[in-house]
Amino acid sequence: MSRPAHARIDLGALRRNYATARRSHGGQVLAVLKADAYGHGAVACAQGLAGHVDGYAVAFLDEALALRQAGIEAPILVLEGAFDAEETRVAAARAIWLAVHRREQIEWIAAAPNVRSAGRKTVEAATIHAWLKVDSGMHRAGFIGDDVRAAYQRLRACRNVGGISLMTHLARADEPASDMTDAQIRAFDAATQGLEAPRSVCNSAGLAAWPRARRDWGRAGIMLYGVDPMDPPALALEPVMTLSSQVFSVRDVAVGETVGYGARFVARRPTRVGLVALGYADGYPRNAPDGTPVAIDGRPGQLIGRVSMDMLTVDLTDHPQAGIGSTVELWGRQVPVAQVAKAAGTIAYEILSNVKRVTRTYIG
Ligand SMILES: *Cc1c(COP(=O)(O)O)cnc(C)c1O
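Basis of the calculations
- Residues numbered from 1 in each chain as written.
- Predicted model: local features only at pLDDT ≥ 70, side-chain atom pairs only at ≥ 80, totals over all residues.
- Heavy atoms only, no water.
- Helix = DSSP H or I, 4+ residues; strand = E, 2+ residues; numbered from the N terminus.
- Buried < 20%, exposed > 50% of the residue type's maximum accessible area, 1.4 Å probe, protein only.
- Contact = heavy atoms within 4.5 Å.
- Polar contact = N/O pair within 3.5 Å; in protein donor to acceptor, adjacent residues only side chain to side chain.
- UniProt positions renumbered as here; feature names shortened; annotations may be inferred.
- Phe/Tyr/Trp six-rings, centres within 6.5 Å; stacked < 30°, edge-to-face > 60°.
- Core = buried A, V, L, I, M, F, W, Y, C linked by side-chain atoms within 4.5 Å.
- Near = heavy atom within 4 Å.
- Areas by Shrake-Rupley, 256 points an atom, 1.4 Å probe, with all protein chains shown as cover.
- Expected span 1.5 Å × (residues − 1).

Mapped onto the secondary structure, Y152 falls in helix 7 (residues 146-156). Assessed through its relative accessible area of 3%, Y152 is described here as buried. Each C-alpha atom of the pair Y152 and G39 lies 35 Å from the other, and the pair is 113 residues apart in sequence. Setting aside its immediate chain neighbours within four residues, Y152 contacts L132, I164, L166, L195, E196 and A197. Within polar-contact distance, the side chain of Y152 engages the backbone oxygen of E196 at 2.8 Å.

Listed under "domain: Alanine racemase C-terminal" (unreviewed entry) in the UniProt record, and renumbered for this structure, are residues 240-363. Within residues 240-363, the helical portion is 10% and the strand portion 38%, while the C-alpha atoms at the span's ends are 10 Å from each other.

All right, on to the packing of aromatic side chains then. Evaluation of the coordinates by the stated rule reveals 6 aromatic pairs. Measuring from centroid to centroid gives 5.8 Å for W97 and W131, while their planes differ by 25°, and the two rings are stacked. Taken as a pair, W97 in strand 5 (residues 97-100) and W131 in strand 8 (residues 128-134) lie far apart in primary sequence, 34 residues in all. Judged on exposure class, the residue W97 and its partner W131 are both buried. In this structure an aromatic cluster arises from ring pairing among Y38, Y225 and Y349.

Membership of the largest hydrophobic core comes to 113 residues, with the highest contact counts inside it found for L33, Y56, L132, Y284, L312, L330 and W331. The contacts of Y56, once residues within four sequence positions are left out, are L30, A31, L33, A46, L49, A50, I72, A74, P75, I76 and L77. In this structure, V253, A267, V273 and I304 belong to the second largest nonpolar core, which totals 6 residues.

Time to look at the UniProt feature "modified residue: N6-(pyridoxal phosphate)lysine" (unreviewed entry) in the protein chain. If you check UniProt for "modified residue: N6-(pyridoxal phosphate)lysine" (unreviewed entry), the listed places come out as K34 in our numbering. By the secondary structure assignment, K34 is in helix 2 (residues 34-39). Accessibility expressed as a relative area gives 30% for K34, which makes it partly exposed. In this structure, K34 is in contact with A57, V58, A59, E63 and L79, ignoring residues within four places of it in sequence.

Note on helix geometry: an α-helix contains 3.6 residues per turn, so any two residues three or four positions apart are oriented the same way. The complete set of buried residues in helix 4 (residues 61-69) reads L61, E63, A64, L65, L67 and R68. Along its buried surface, helix 4 packs onto helix 2, helix 3 (42-49), strand 3 (55-58), strand 4 (76-78) and helix 5 (85-93). Just beyond helix 4, the residue with positive phi is G71, at close to 95°.

The omega angle of the peptide bond from D231 to P232 is 5°, so this bond is cis rather than trans. Tracing the sequence through the fold places P232 in the loop between strand 11 (217-220) and strand 12 (241-253). A positive phi is found at A35, a non-glycine position, where the angle reads about 50°. Mapped onto the elements, A35 comes out in helix 2. A relative accessible area of 38% places A35 in the partly exposed class. At D297, a position not held by glycine, the phi torsion is positive, near 45°.

In the vicinity of the ligand, the contacting residues are V32, K34, Y38, L79, H169, N203, S204, R219, G221, I222 and Y349. Taking H169, its side chain carries an N or O atom lying 3.5 Å from a nitrogen atom of the ligand. In the model, an oxygen atom of the ligand is placed 2.6 Å from a nitrogen or oxygen of the Y349 side chain. If the ligand stood free it would expose 390 Å²; the protein chains cover 92% of that surface.

For helix 8 (residues 180-192), which comprises 13 residues, the first-to-last C-alpha distance of 18 Å matches the rise-based estimate of 18 Å (1.5 Å per residue) to within 8%. The secondary structure elements touched by the buried residues of helix 8 are strand 8, helix 7, strand 9 (161-168) and strand 10 (199-200). At the C-terminal side of helix 8, G194 shows a positive phi close to 85°.

For N160, the location among the structural elements is in the loop between helix 7 and strand 9. The exposure class of N160 is buried, given its relative accessible area of 4%. Within the structure, N160 has its side chain in polar contact with the backbone oxygen of I109 (distance 2.8 Å).

Pasting the structure below:
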């Protein structure tokens, strides 16, 4: 038998979460598959969604090319845009949509050939679809104020540009009490007023909590994987990844004895300790504290002791039936990944996208 560390990915749940995204947003929705689909496997997730989605989004060109190589033909938007003229040419040749957030990117587009090979001939074709990014207040990337209009006109004048969309990104959409989202919507609408193009504002949190931000296209990331961006949850979502492993050693420790590195866990009662084959090198957060929830053979349990590189320890004292070979779910259908993230002082985005080294299987 091989090492039992394992991530089961439910593609049916992924498709249902996408359908939920589309239903709540209306219009069209890009499925965001950056960071290897938030740790779920980008190619497998793209294939699982193929035929069900309006398009995909990734962070950078190589991620898009990997999907094209795997036979994905639907639109793919590169959210960071091209890094140079060569990437711009490659994106155009593969009909990959490019975010445009600074002036140089427009010059690379203007310089890219507007030809596409059609059999033995090359034909003139407007091949580039630009998603012009507006900085509506997040101040990470994008054109501001009047520069938006100028950039739009410059793109309009490029003969090889076949489509322009307008997008912006929300900084605090997961905070319903913040007034920043309304301010960003107003800034975006003002900067793009009168420009003829489809628009896109919502990430998952925008889509869940800000009906006023809905436009032609949503961009759903974390919610596809079953994590509600709002606390308390606003949407009915299904977890997609179940990360589990097995107990492969058991020992009893007496009161006052300790477990693991740093002797962080100190037994306050005679304690039965189960050793689980999964550690921080698999992506489990190293700083998860004692008491972080797990499920042991389907019943609620707790992590004890510091997480090691390849192993972690759980408390089996209240699980007399459990022993070597017992299944331990680290997160998934029984243990919400958001709870683990919260216990570890981070967010589900980070721990999901850190998952590696475990065997992945796909169902549905
Ligand atoms: C990652 C990303 C998204 C998706 O965000 P979620 O919060 O995961 O839904 C949407 N738009 C842009 C520009 C992004 O970078």
